[in-house]
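A closer look at the structure
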Amino acid sequence: MENKHKKDRYTKVKVWAKNYYSRWRNEKTYCPAFKEEVLVTRIGWHHLVGSRFRTKAEKIKRFKALPLAKKLIKTASIFQEYRYHRGIHYFAIVAEMEGSKIKVILSAKKKDKKKNFLSVIVLR
């Protein structure tokens with residue numbers, strides 16, 4: 001019975017997150033750290049739901065952190081991490097927000113091109 005409850009909870013949170021993400025995709029999300037708009041595309045959604053290595057509990061945490069990710073992108077004045085891997089540039093914004101430490105990952109094919117929201121990670 002407990003497994004069914006977990007599945008129901010996961011499904012409920014995923015549906016809420018999908019609706020939230022769909023609304024967010026239709027908004028402009030300006031990031032002061034890059035002085036440009038960040039694109040919210042299906043790439044980020046597929047990254048959040050597609051990993052078979054993440055547990056459902058981890059995915060639920062990430063789904064619930066989407067509003068914080070959006071807020072962080074809109075308020076960040078600097079980015080904390082940069083990495084280049086396999087032809088993709090990755091940028092990370094990290095902050096304490098509403099009692100949680102979160103990291104938002106953005107990606108771009110070229111360093112000076114528009115950034116895409118890729119993921120949100122709840123660090124604690």
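Look up: the structure comes first, before these words.
Because the structure is predicted, anything quoted here is derived from the model rather than measured. (Residues numbered from 1 in each chain as written. Predicted model: local features only at pLDDT ≥ 70, side-chain atom pairs only at ≥ 80, totals over all residues. Heavy atoms only, no water.)

1. So, the sheet that holds strand β5 (residues 100–108)
Threshold: Two strands pair if DSSP finds at least two bridges between them. Helix numbering and strand numbering both begin at the N terminus, where a helix is a DSSP run of H or I of at least 4 residues and a strand a DSSP run of E of at least 2. For helices, the axis comes from a line fit to the C-alpha atoms of the stretch in contact; other axes are also lines fit to C-alpha atoms, and the angle between any two N-to-C directions lies between 0 and 180 degrees. Any two residues whose heavy atoms approach within 4.5 Å are treated as being in contact.
Read from one edge of the open sheet, 4 strands run β3-β4-β5-β6, paired in antiparallel fashion. Strands with a single pairing partner mark the edges of an open sheet, and in this sheet they are β3 (81–85) and β6 (116–122). On average, adjacent strands in this sheet sit at an angle of 25° to one another, irrespective of strand direction. Alignment of β5 against β6, held across 6 bridges, turns out to be antiparallel. Looking at β6, one finds that Leu106 is bridged to Phe117. Across the face of the sheet, helix α4 (residues 66–75) comes into contact with β4 (88–97), β5 and β6 while running at roughly 65° to β5.

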